[in-house]
Amino acid sequence: MLKASQPTGIHTHGLSTDVLSGLLSRHGRLPRWRDIVRYVSPLALVALWQGSCSVGILSTHLVASPAQIVTTAWSLMRDGTLEANLGISLLRAVSGLSIALLVGMVLALISGLSRIGEDIVDAPLQIMRTLPVLALVPLFILWFGIGETPKVLLVALGATFPVYLNFHKGIRTVDPKLLEMAQTLGLSRGQTVRDVVLPAALPDLLVGVRYAVGVAWLMLVVAEQINAESGIGHMMMDAEDFLRTDIILVGLMVYGLLGLLSDNLVRGLETWLLAWRPLSPRRGENA
Amino acid sequence: MSTLSSPAQTRPGPMVNAVDATVTVTGLTRRFANGPAVLDGLDLHIAPGEFVALLGRSGSGKSTLLRMLSGLDPVTEGSVHRPDDVAVVFQESRLLPWRRVWQNVVLGQKKDDSVRARAEAVLQEVGLAHRSEAWPLTLSGGEAQRAALARALVREPDLLMLDEPFAALDALSRLRMQRLVAGLWQRHRCAVLLVTHDVDEAVLLADRAVVLESGRIRTDLAIPLDRPRRHTDPQFEQFRQTLLDALGVHDD
Ligand SMILES: Nc1ncnc2c1ncn2[C@@H]1O[C@H](COP(=O)(O)OP(=O)(O)OP(=O)(O)O)[C@@H](O)[C@H]1O
Ligand SMILES: [Mg+2]
């Protein structure tokens, strides 16, 4: 489950589709055809789903029909249930993520910028990251009861590792040539950290943040389904008792949308903060 | 002036004209992990405003010498006497990708009102004024090297060290850069130590060419040609041949 915290470069994901479409656009009509196929196949699946439900091949006790999901979503929004639960879930995710960002970044700075700090901080964190955080749920309930604390802390704990690991790696792998350059320019240690080390580690930090957001939702789903009186996860568990597959699927969709939105948010942050990275590298080309 | 020297100086070394020299290197020795000495009791003087080309085979220790002169590596044996204001340009531009070109140029400089103007002025000098707002990763190789040169010049160093600064450039850009460096040097009159593999470049630019071999300066060749120099000059060819011989390269 903590696979997500491995510092590998998922940020290439968005790039590869760009490259692909760039390649394809050179071959004339191909992209338009591809675009159509892209939307046709999911739409066909939804149609098939709706058809099977209407005809009765799929029991609505197992899966609600798409039309039912839309109506349910609409009514949940009208009576405010969805907003209330969504608000609670968002609050938990945001508080947990904020703690994770703060703790992860501070720890990474300590262990990235000093040898002693690394000895003290890095070893325990490397050991702890191999533990499945979700296995701590029973312990967290024992320690913190069933209020907001264990949920927020679970999110925070899970999301801290990707932030720490990626930022630490970023700080440690700053191009030594740039550090040498800073030295020959007579930059002080503080200036070097501010102007060279931190900006150089920023791309890795953002990769970490993206993982952290993913992990945060995962943690939240589990935390809210195990014990909660509110939140999207609670709404879904409640629905289970009444065999309301439509509400469960609405919850699933909300989680999906939240994941998508937050990922796009971080991506937007990347484009904004890393404006210095040219979209198409043209090094060595003559201007 | 600052003097970097080992706690126990092994050789006193000649102190002749050390007083007025910009750089005085005496008995400098450097070895890596108890291997053979890369620099072995090296002596070198550079007069104020003098343009010295440093040649030598690959692995002869040119970069090692430059690193010690620039203070990147510690002096453990021998002594190095050099001005406080030195600037280095490496083979790669080493610009910070997250700072605009002009910000890179004045990196580490005091941030007063005139800082931007100084950056613009020196970028103008290297012909890069139109790119001052650009991100470094969008520069061409030649432009990036000119930016690095501007960053060195804005500090008005007494000693400018260049470690194969044009090696990665195409022939045409290299010619343009050589002309640029010659012009800049005539205006700024700082001492220059240029590491190069290119004998033509050495003869074209330098007052003196020194060849590093087995840890010491084995050849020290003054090049008293008038400037601007032409490749077609018979004397040019003569100096070129002498240097090639010193490097162990012979035309048959
Ligand atoms: N950090 C290091 N550790 C061990 N050996 C080193 C180190 N730096 C340089 N050397 C060795 O010292 C010798 C001189 O290296 P140096 O980089 O000074 O050569 P150079 O004259 O600049 O060569 P080139 O023309 O190829 O740049 C080489 O044999 C190299 O392997
Ligand atoms: Mg070298």
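Relevant structure appears above.
As the structure is a prediction and not an experimental result, all values here were calculated from the model.

Trainee: A description of the pairing of strand β4 (residues 51-56) of chain B should follow, citing residues and the corresponding values.
Mentor: Residues and elements named next belong to chain B. Burial runs high along β4: six of the six residues are buried. Side chains Phe51, Ala53 and Leu55 of β4 all project onto a buried face; the interleaved residues Val52, Leu54 and Gly56 project onto the opposite face, where all are buried too. Pairing geometry for β4 and strand β8 (residues 191-195), over four bridges, is parallel. Bridged to Leu54 within β8 is Val195. Where β4 lies against strand β9 (residues 208-213), five bridges are found, and the strand directions are parallel. If you follow Leu54 over to β9, its bridge partner there is Val210.

Trainee: Give a detailed account of the site of ligand 1, specifying residues and quantitative values.
Mentor: Residue and element names in this part refer to chain B. Taken together, the neighbourhood of ligand 1 is formed by Phe32, Val38, Arg57, Ser58, Gly59, Ser60, Gly61, Lys62, Ser63, Thr64, Glu164 and His197. Measuring from an oxygen atom of ligand 1, one finds a backbone N or O atom of Gly61 at 3.0 Å. Between ligand 1 and Thr64, the relevant distance is 2.5 Å, taken from an oxygen atom to a side-chain nitrogen or oxygen of the residue. Burial of ligand 1 by the protein amounts to 55% of the accessible area it has alone, namely 630 Å².

Trainee: Can you tell me about the sheet that holds β9 of chain B, naming the residues and giving the values?
Mentor: All names here are of chain B. Read across the sheet, six strands follow the order β6-β7-β8-β4-β9-β10 without closing on themselves; strand pairing throughout is mixed. Two strands lie at the open edges of the sheet, namely β6 (86-89) and β10 (216-222), each paired on one side alone. On average, adjacent strands in this sheet sit at an angle of 20 degrees to one another, irrespective of strand direction. Along the sheet, helix α4 (residues 141-153) makes contact with β6 and β7 (159-163), crossing β6 at roughly 175 degrees.

Trainee: Tell me about helix α11 (residues 245-273) of chain A, residues and numbers included.
Mentor: With 29 residues, α11 of chain A extends 42 Å between its outermost C-alpha atoms, agreeing within 8% with the 42 Å of an ideal straight helix rising 1.5 Å per residue. Residues Thr245, Asp246, Ile247, Leu249, Val250, Gly251, Val254, Tyr255, Leu258, Ser262, Val266 and Glu270 of chain A constitute the buried set of α11 of chain A.

Trainee: Which residues make up the interface of chain B and chain A, and what values go with them?
Mentor: If you look at the interface, chain B gives 28 residues, while chain A gives 23 residues. Area buried by chain B at its contact with chain A is led by Arg94, Trp98 and Leu137 of chain B, which between them contribute 30% of it. Applying the counting rule to chain B against chain A returns four salt bridges. Linking chain B to chain A there are five residue pairs in polar contact (both at pLDDT 80 or more). Secondary-structure elements contributing two or more residues to the side of chain B that touches chain A are β6 and α4 of chain B. It is α4 of chain B that provides the largest number of residues to the side of chain B that touches chain A, a total of three residues. Per-class residue counts for the side of chain B that touches chain A are twelve nonpolar, six polar and ten charged.

Trainee: Account for the packing of helix α4 (residues 81-113) of chain A against α11 of chain A, with residues named and values stated.
Mentor: All names here are of chain A. Close contact between α4 and α11 brings their axes to 12 Å; oriented N to C, the two are set at 45 degrees. Put simply, α4 runs oblique to α11. Read as a crossing pair, α4 and α11 show a hand that is right-handed. Facing Leu82, Leu86 and Leu90 of α4, the residues of α11 in contact are Val250, Val254 and Leu258. A breakdown of the residues in the contact of α4 with α11 according to their chemical character gives six nonpolar, no polar and no charged.

Trainee: Can you lay out the pairing of β10 of chain B for me, pointing to particular residues and giving the numbers?
Mentor: Residues and elements named next belong to chain B. One ladder, built from six bridges, connects β9 with β10; its direction is antiparallel. When the sheet's bridge partners are listed, Val211 is paired in β10 with Thr219. Count of turn residues in the β9/β10 antiparallel hairpin: two residues, of which Ser214 carries a positive phi of about 35 degrees.

Trainee: Now, about the environment of Ser70 of chain B: what can you tell me, with residues and values included?
Mentor: Its location among the elements puts Ser70 of chain B in the loop between α1 (62-69) and β5 (77-82). In the structure, Ser70 of chain B is positioned ten residues away from Val80 of chain B in sequence and 10.0 Å away in space, judged by C-alpha atoms.

Trainee: Can you lay out the packing of aromatic side chains for me, pointing to particular residues and giving the numbers?
Mentor: Scanning the model with the defined rule gives five aromatic pairs over all chains in all. By way of ring pairs, the aromatic residues Phe140, Trp143 and Phe144 of chain A are connected into one cluster. The side chain of Arg116 of chain B reaches across the aromatic face of Trp102 of chain B, ending 4.3 Å from its centre.

Rules and cut-offs
- Residues numbered from 1 in each chain as written.
- Chains lettered and ligands numbered in written order.
- Predicted model: local features only at pLDDT ≥ 70, side-chain atom pairs only at ≥ 80, totals over all residues.
- Heavy atoms only, no water.
- Buried < 20%, exposed > 50% of the residue type's maximum accessible area, 1.4 Å probe, protein only.
- Helix = DSSP H or I, 4+ residues; strand = E, 2+ residues; numbered from the N terminus.
- Pairing = 2+ DSSP bridges.
- Near = heavy atom within 4 Å.
- Polar contact = N/O pair within 3.5 Å; in protein donor to acceptor, adjacent residues only side chain to side chain.
- Areas by Shrake-Rupley, 256 points an atom, 1.4 Å probe, with all protein chains shown as cover.
- Axes fitted to C-alpha atoms, helices over the stretch in contact; angles between N-to-C directions.
- Contact = heavy atoms within 4.5 Å.
- Expected span 1.5 Å × (residues − 1).
- Buried area = accessible area lost by both parts, 1.4 Å probe.
- Salt bridge = Lys/Arg side-chain N within 4 Å of Asp/Glu carboxyl O.
- Nonpolar A, V, L, I, M, F, W, Y, C, P; charged D, E, K, R; others polar.
- Parallel < 35°, antiparallel > 145°, perpendicular 65-115°, else oblique.
- Left-handed = near helix turned anticlockwise from the far one by under 90°.
- Phe/Tyr/Trp six-rings, centres within 6.5 Å; stacked < 30°, edge-to-face > 60°.
- Lys NZ or Arg CZ within 6 Å of the ring centre and 35° of its normal.

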